[in-house]
Amino acid sequence: MALFAALRFCEDERIADKLYWYASDFNLQEGEDVLAPVGTHDRLQRATVERVLETDPEHAPYDTRFIKKVAARYGERRLAVGDCICFELGGLKYDGKRYTRYRRILFTSCVPREEEVKELRTYGVSDILTGSAEELAESGALAKDCVLLAGEHARAAASTLLACVRGEQTNLNERARKALLEKLC
């Protein structure tokens, strides 16, 4: 069985009058807000679940070759891994209707232990970095699938990265800023 949800994107006046079917890897309820990819560039937008349908893929409400997946519940940004609490940089609004992508950059003030690192790998974390935002930008780590900023500099690095996404002044050079926007937006 597979779970499908009919979504309405109320923040986007171009598509607010239609329902769009999405697949989901987690249970959803009618009326719940979620983030889902829209358009050819799959930019995340907030939507409300209008209907939920559980059926086998052969009876899906839309051709499964073209159906996209719900990214996350709206506001779902905390990930507990053992004693390590990580926060997603995904799910933050960066313009009038779009939100940053999930499973790209996370941060935590602790440095994960070996067993926590294994669990983070199942989430998609490919690298753990402990430097500043400037070091992150210069390291080329932004090209990785999903990175975790960890340790004492993590919160400041995350703040710098989010300021960059919002178009605010940062210490990041133009090349690093462009790479970050491609990764998160």
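Structure shown above.
Bear in mind that the values here come from a model prediction, so they are computed numbers and not experimental data.

Criteria and cut-off values
Each chain has its residues counted from 1, following the order in which its sequence is written. With pLDDT at 70 or above as the cut-off, local features in this predicted model cover only qualifying residues; side-chain atom pairs require 80 or more to be listed or tallied, and sums for whole chains, interfaces and linings still use all residues. Each side-chain value is worked out from all heavy atoms of the structure, with water and hydrogens disregarded. Here a strand is any run of E in DSSP of at least two residues, a helix any run of H or I of at least four, and the numbering for each starts at the N terminus. Here, a disulfide means two cysteine sulfur atoms that sit within 2.5 Å of each other. What makes a salt bridge here is a side-chain nitrogen of Lys or Arg within 4 Å of a carboxyl oxygen of Asp or Glu, nothing more. When accessible area is computed with a 1.4 Å probe and restricted to protein chains, residues below 20% of their type maximum are described as buried, those above 50% as exposed, and intermediate ones as partly exposed. Here the rule is simple: two strands pair whenever DSSP picks up at least two bridges between them. All axes are obtained by fitting lines to C-alpha atoms, using only the stretch in contact for helices, and the reported angles, taken between N-to-C directions, cover 0 to 180 degrees.

**Description of unusual backbone geometry**
Inference 1: Unusually for a residue other than glycine, Asp42 sits at a positive phi of about 55°.
Inference 2: Following the sequence through the fold, Asp42 ends up in the loop between strand E3 (33-38) and strand E4 (43-55).
Inference 3: Non-glycine residue Arg103 carries a positive phi angle of around 60°.
Inference 4: Within the fold, Arg103 resides in the loop between strand E9 (98-99) and strand E10 (105-108).

**Regarding the state of the cysteines**
Inference 1: Within the structure shown, the criterion is met by one disulfide.
Inference 2: For the unlinked cysteine Cys164, the closest cysteine sulfur is that of Cys185, found at 8.4 Å.

**Regarding the pattern of salt bridges**
Inference 1: Tallying each qualifying case throughout the model produces 15 salt bridges.
Inference 2: The partner of Arg73 in a salt bridge is Glu76, and the shortest N-O contact between them spans 3.8 Å.
Inference 3: Classification of Arg73 by relative accessible area gives partly exposed; the value is 25%.
Inference 4: In this structure, Glu115 engages Arg113 in a salt bridge whose closest nitrogen and oxygen atoms are separated by 2.8 Å.
Inference 5: The class of Glu115 is partly exposed, set by a relative accessible area of 46%.
Inference 6: By relative accessible area, Arg113 is classed as partly exposed at 38%.
Inference 7: Within this structure, Asp83, Arg113, Glu115 and Glu116 form a network of salt bridges that share partners.

**Digging into the sheet that holds strand E7 (residues 78-81)**
Inference 1: Across the sheet, five strands lie side by side as E7-E8-E10-E12-E11; this open sheet has mixed pairing. Both edges of this open sheet fall to E7 and strand E11 (127-129), since each of them pairs with a single strand only. The average undirected angle you get between the axes of adjacent strands in this sheet is 30°.
Inference 2: Examined bridge by bridge, E11 and strand E12 (residues 147-150) share three bridges and lie parallel to one another. Its bridge partner lying in E12, Ile128 is registered against Leu148.

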